[in-house]
Amino acid sequence: MAKGYWIARVDVRDPERYKDYVATAKPAFEKYGANFLVRGGAHEAMEGKARARNVVIEFPTIQAARDCYNSPEYQAAKAIRVTVADAEMVLVEGA
């Protein structure tokens, strides 16, 4: 079965409150086997508009990635995130 990945591009508007998002999301990530491959770090925009923070999260399956996003635990975290950051997120099936 194929792994699943979240790819997120984020501009954080309120770094202190963003910490609340991270803490609230943690149980969902643990429950669904999230493995952070990229979490911030230096980046270089090659095409298009970049965002300040880039995140790639690997899940054991595409379904686990989807279930994590739709879980009550993550939706509680998302409710915080949308108030403190602008983001795009895609779910990608991979090897």
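Since we're looking at a predicted model, the values are computed, not measured.

Enquirer: Explain the packing of helix α2 (residues 62–70) against helix α3 (residues 72–84) here, please?
Expert: Packed helix pairs are characterised by how far apart their axes lie and by the angle those axes make with each other. Interhelical geometry of α2 versus α3 gives an angle of 55 degrees and a closest axis separation of 5 Å. In terms of their interaxial angle, α2 and α3 are classed as oblique. For the pair formed by α2 and α3, the contact residues are Cys68, Tyr69 and Asn70 on the first element and Pro72, Tyr74, Gln75 and Lys78 on the second. Looking at the contact of α2 with α3, its residues break down into four nonpolar, two polar and one charged.

Enquirer: Would you mind going over the packing of helix α1 (residues 15–31) against α3 with me for this structure?
Expert: Where α1 meets α3, the axes come as close as 8 Å, and the angle between the chain directions of the two elements is 160 degrees. Classified by the angle between their axes, α1 and α3 sit roughly antiparallel to one another. The chirality of how α1 crosses α3 is left-handed. Contact residues: α1 offers Arg17, Tyr18, Asp20, Tyr21, Thr24, Ala25, Ala28, Phe29 and Lys31, while α3 offers Glu73, Tyr74, Ala76, Ala77, Lys78, Ile80, Arg81, Thr83 and Val84. Residues of the contact of α1 with α3, tallied by class, amount to 10 nonpolar, two polar and six charged.

Enquirer: Just to check I follow, could you spell out the pattern of salt bridges for this structure?
Expert: One side chain can pair with another of opposite charge once the charged atoms of both are near each other. Across all of its chains, the model carries 10 salt bridges by this definition. Here Arg51 ties to Asp11 by a salt bridge, and the two come within 2.8 Å at their closest N and O atoms. Taken together, the residues span a long stretch of sequence, with Arg51 in the loop between β2 (35–39) and β3 (53–59) and Asp11 in strand β1 (residues 3–12) at a distance of 40 residues. Both residues of the pair, Arg51 and Asp11, count as buried. Between Arg13 and Asp86 there is a salt bridge, with the nearest N and O atoms lying 2.6 Å from each other. Here Arg13 is found in the loop between β1 and α1, whereas its partner Asp86 is found in strand β4 (residues 85–94), with 73 residues between them in sequence. Exposure remark for Arg13: the relative accessible area of 45% places this residue in the partly exposed category.

Enquirer: Please clarify how the environment of Glu58 should be interpreted in this entry.
Expert: Among the secondary structure elements, Glu58 is positioned in strand β3. C-alpha of Glu58 to C-alpha of Val92: the two residues are 34 residues apart in sequence and 9.5 Å apart in space. Not counting chain neighbours up to four residues away, the residues in contact with Glu58 comprise Lys3, Gly4, Tyr5, Gly33, Ala34, Asn35 and Leu37. A polar contact of 3.3 Å, which involves the side chain of Glu58, links it to the side chain of Lys3. Within the structure, the side chain of Glu58 is placed 2.9 Å from the side chain of Tyr5, a separation counted as a polar contact.

Enquirer: Please explain the packing of aromatic side chains as it appears in this structure.
Expert: Given two aromatic rings, their pairing is described by the distance between the two centres and the angle made by the two planes. Counted according to the given criterion, the structure contains nine aromatic pairs. Taking the centre distance of 4.8 Å and the plane angle of 75 degrees together, the rings of Trp6 and Tyr74 count as edge-to-face. One end of the pair, Trp6, is in strand β1; the other, Tyr74, is in helix α3, with 68 residues separating them in the sequence. Like Tyr74, Trp6 is buried. A ring pair is formed by Phe29 and Tyr74, whose centres lie 6.0 Å apart and whose planes are at 45 degrees; its orientation type is tilted. Of this pair, Phe29 sits in helix α1 while Tyr74 is found in helix α3, placing the two residues 45 residues apart along the sequence. We classify Phe29 as buried; its relative accessible area is 11%. Classification of Tyr74 as buried rests on a relative accessible area of 0%. Grouping aromatic residues by their ring pairs yields a cluster made of Trp6, Tyr18, Tyr21, Phe29, Phe36, Phe59, Tyr69 and Tyr74.

Quick notes on the rules
Residues numbered from 1 in each chain as written. Predicted model: local features only at pLDDT ≥ 70, side-chain atom pairs only at ≥ 80, totals over all residues. Heavy atoms only, no water. Axes fitted to C-alpha atoms, helices over the stretch in contact; angles between N-to-C directions. Helix = DSSP H or I, 4+ residues; strand = E, 2+ residues; numbered from the N terminus. Parallel < 35°, antiparallel > 145°, perpendicular 65-115°, else oblique. Contact = heavy atoms within 4.5 Å. Nonpolar A, V, L, I, M, F, W, Y, C, P; charged D, E, K, R; others polar. Left-handed = near helix turned anticlockwise from the far one by under 90°. Salt bridge = Lys/Arg side-chain N within 4 Å of Asp/Glu carboxyl O. Buried < 20%, exposed > 50% of the residue type's maximum accessible area, 1.4 Å probe, protein only. Polar contact = N/O pair within 3.5 Å; in protein donor to acceptor, adjacent residues only side chain to side chain. Phe/Tyr/Trp six-rings, centres within 6.5 Å; stacked < 30°, edge-to-face > 60°.

Read these as spatial facts, not as claims about activity.
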